[in-house]
Amino acid sequence: MKASNIAGFNVTETFLLLETFEKGLNFIGYIPVVGSFGATVRDKYAAIEAITGIALLALSVGSSLQGNPNPLYSAIGWTLLGHSILNGIRSLFEAVPFVAIFTTLPYDILTASYVGGRLFT
């Protein structure tokens, strides 16, 4: 697989790092009360993902208008924007103590068991 780079960042390595960070937030989110603090971090993370996604989509449009389309900007922009929406929604469930035990934990267990990984976030 060819390594993709944006501004010197290896996209594959960066996404693996972000996935590890999200898995850590998932684990914290399952713990009542502590998960509420993790939800705050996830919510801020979702905002950063949204801003970055929108910026990359703008770069994609700008480079296309200049005759240098870069589908990588668009693909990553849409991915980050989708993740931001789903992380924002998940943070709402994790913000309320004990809710994550009955919502996000079963979701993660079922998707890991049947699909081999999470379906969305």
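Located above this text is the structure these notes cover.
Throughout this description, residue numbers start from 1 for each chain and increase along the sequence as written. Restriction of local features to residues with pLDDT of at least 70 applies here, the model being predicted, together with a cutoff of 80 or more for giving and counting side-chain atom pairs; totals for whole chains, interfaces and linings are based on all residues. Hydrogens are left out, water is left out, and the side-chain values use all remaining heavy atoms of the structure.

S.K.: Describe in detail the overall build of the chain, supporting the description with residues and values.
M.R.: Segments assigned H or I by DSSP are reported as helices when at least four residues long, segments assigned E as strands when at least two residues long, and all are numbered from the N terminus. Along the chain, the regular secondary structure elements total 5 helices and 2 strands. Shown N-terminal to C-terminal, the secondary structure of the chain runs as helices and strands in the order β-β-α-α-α-α-α. When the backbone C-alpha atoms are referred to their principal axes, the chain occupies close to 50 × 25 × 20 Å. Throughout, exposure labels follow a simple rule: accessible area from a 1.4 Å probe, protein chains only, divided by the maximum for the residue type, with under 20% read as buried, over 50% as exposed, and the rest as partly exposed. Looking at the 121 residues of the chain, the share that counts as buried comes to 31%. Relative to all contacts within the chain whose residues are 6 or more apart in sequence, the contacts with residues 24 or more apart total 60%. Within the structure as shown, the chain displays about 7500 Å² of accessible surface, and the carbon and sulfur contribution to it stands at 74%. Note on contacts: a residue pair qualifies if any of its non-hydrogen atoms lie within 4.5 Å across the two residues. Here the open area of atoms and residues is found with the Shrake-Rupley method and a 1.4 Å probe, where only the protein chains shown may cover a residue.

S.K.: Kindly report on a nonpolar patch on the surface, identifying the contributing residues and their values.
M.R.: A grouping of F27, I28, I31 and V34 is seen on the molecular surface, where their side chains present a nonpolar patch of about 340 Å² in accessible area. Note on placement: I31 falls in the loop between helix 1 (11-30) and helix 2 (34-65). A residue is classified by how much of its surface remains accessible, and I31, at 34% relative accessible area, is partly exposed. Note that patches include only residues with greater than 30% relative accessible area and no salt bridge, and the join distances are 9 Å for like charges and 5 Å for nonpolar side chains (Val, Leu, Ile, Met, Phe, Trp, Tyr). The rule for a salt bridge is simple: a side-chain nitrogen of Lys or Arg has to be within 4 Å of a carboxyl oxygen of Asp or Glu.

S.K.: Please give an account of the packing of aromatic side chains that cites residues and values.
M.R.: Each Phe, Tyr or Trp ring (for Trp, its six-membered ring) is paired with any other whose centre lies within 6.5 Å, and the angle between the two planes then decides the class: stacked below 30 degrees, edge-to-face above 60, tilted in between. A full pass over the atoms with the stated rule returns 1 aromatic pair. Geometrically, the ring pair formed by F21 and Y45 is edge-to-face, given 5.1 Å between the ring centres and 70 degrees between the ring planes. Linking F21 in helix 1 with Y45 in helix 2, this pair joins segments that are 24 residues apart in sequence. Residue class for F21 comes out partly exposed when judged on its relative accessible area of 37%. For Y45, a relative accessible area of 9% puts it in the buried group.

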